[in-house]
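# Reading the structure
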Amino acid sequence: MSESAAGSSLAGTSGRSVSPALHHQFEDIEQQREAGNFGMWVFLATEMLFFSGVFTGYIIYRSLYYSGFAAGSHVLEVDLGAAMTAVLLASSFTMAMAVHAARQGNRAMLLGFLSSTIILGIAFLGMKFTGLNFHPAVDALRGAPEHTVELFMCFYFFMTGLHALHMIIGIGLLGVMAILAWRGKISAEHYNRVEVSGLYWHFVDIIWIYLFPLLYLIGGRYK
Amino acid sequence: MNTQDPSVGTYVFVFAVLLLLAALTTGIAYINLGPFNTVVALAIAAVKMCLVGLFFMHLWYSRGLARIVVLAGFFWLALMVSFTLADVFSRSWIKPPGP
């Protein structure tokens, strides 16, 4: 009995009340947050290996059929690719700001930045969709064997398609976060869900940071 | 220590540098550097990845745990890529037996 009294007085003096957001298996909210982040990082490490399969295949076939890959790369619109990169980087910035707002407990700012991230993500996908409409002339292939250009296009569609799939999942995730924020379920104390969603979003951004030069800029664009 | 919050100014600065690097990598593609076009493009991509990872993903401010996971991820990536490439590019070194 004296022990429990001492315990409660200790909790009282340290000013730490048990948060309703704290799950029972964790000591405190900080440990819970770190466990959440750790889980997302481990998932991202597996995602990295998942993507590295296609990247490894890309390296091998690019070195085997370089002329075909360079010709295929020149069919793509480099200006559009650069603009898509800028849009995605902007979405990463607004995502970082959303996590910042969540950490401050600023609901209006969080909602604003979450929705701008979603809009930028949709804009990226829309730009990708317009970029799919190409009909290269045979002389655009610059003498490279046609089937090697086709191989490049396979990699292009598969890598960007896989990336777009991750974007769609990310947009859905952020939509859920926006609903949670709207309902007031995100607080300065309990914002970990927004934080891990942000980690995922930035990871997808990093994949594109590599896809842009690897797909759009092969062999340079100089005459 | 681990919850030090990067300021809004840091985010804006990192975003500006990222946009600059994206413009730079596109611009350099129009200059003939021979095989170094690819090297430079990948180097710029690596710098951009580090900026996003360190500041947007808070690795700069985090404790060791997340960093260890990232290093482990890169370690396995290096194993996978290097062993696969070692296989593919050394196949022609040994002639298959036969007539």
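Presented here is an overview of the structure given in this document.

The rules behind the values
Residues numbered from 1 in each chain as written. Chains lettered and ligands numbered in written order. Predicted model: local features only at pLDDT ≥ 70, side-chain atom pairs only at ≥ 80, totals over all residues. Heavy atoms only, no water. Helix = DSSP H or I, 4+ residues; strand = E, 2+ residues; numbered from the N terminus. Buried < 20%, exposed > 50% of the residue type's maximum accessible area, 1.4 Å probe, protein only. Contact = heavy atoms within 4.5 Å. Areas by Shrake-Rupley, 256 points an atom, 1.4 Å probe, with all protein chains shown as cover. Core = buried A, V, L, I, M, F, W, Y, C linked by side-chain atoms within 4.5 Å.

Turning to the overall build of chain A, a few remarks are in order. Helices and strands together make up the secondary structure of chain A, namely 7 helices and 0 strands. Reading the secondary structure of chain A in the N-to-C direction produces α-α-α-α-α-α-α. Within chain A, the fraction of its 223 residues that count as buried is 52%. When contacts within chain A are restricted to residue pairs at least 6 apart in sequence, long-range pairs at least 24 apart make up 84% of them. With an accessible surface of roughly 10400 Å², chain A has 66% of that area assigned to carbon and sulfur atoms.

What follows deals with the environment of B:Thr25. Position of B:Thr25 among the secondary structure elements: in helix α1 (residues 8-28). A relative accessible area of 5% places B:Thr25 in the buried class. Put simply, B:Thr25 and B:Asn37 are 12 residues apart on the chain and 9.2 Å apart in space, counted from C-alpha to C-alpha. Apart from residues no more than four positions distant in its own chain, B:Thr25 is found in contact with A:Phe212, A:Leu217, B:Ala41 and B:Ile44.

Before going further, it helps to spend a moment on the nonpolar core. By size, the foremost hydrophobic cluster in this structure holds 97 residues, and its most contacted members are A:Trp41, A:Leu110, A:Leu114, A:Leu215, A:Tyr216 and B:Phe56. Ignoring sequence-local partners within four residues, the contact set of A:Trp41 consists of A:Leu199, B:Met57, B:Leu59, B:Ala66, B:Val69 and B:Val70.

Just distances and angles here, no functional claims.
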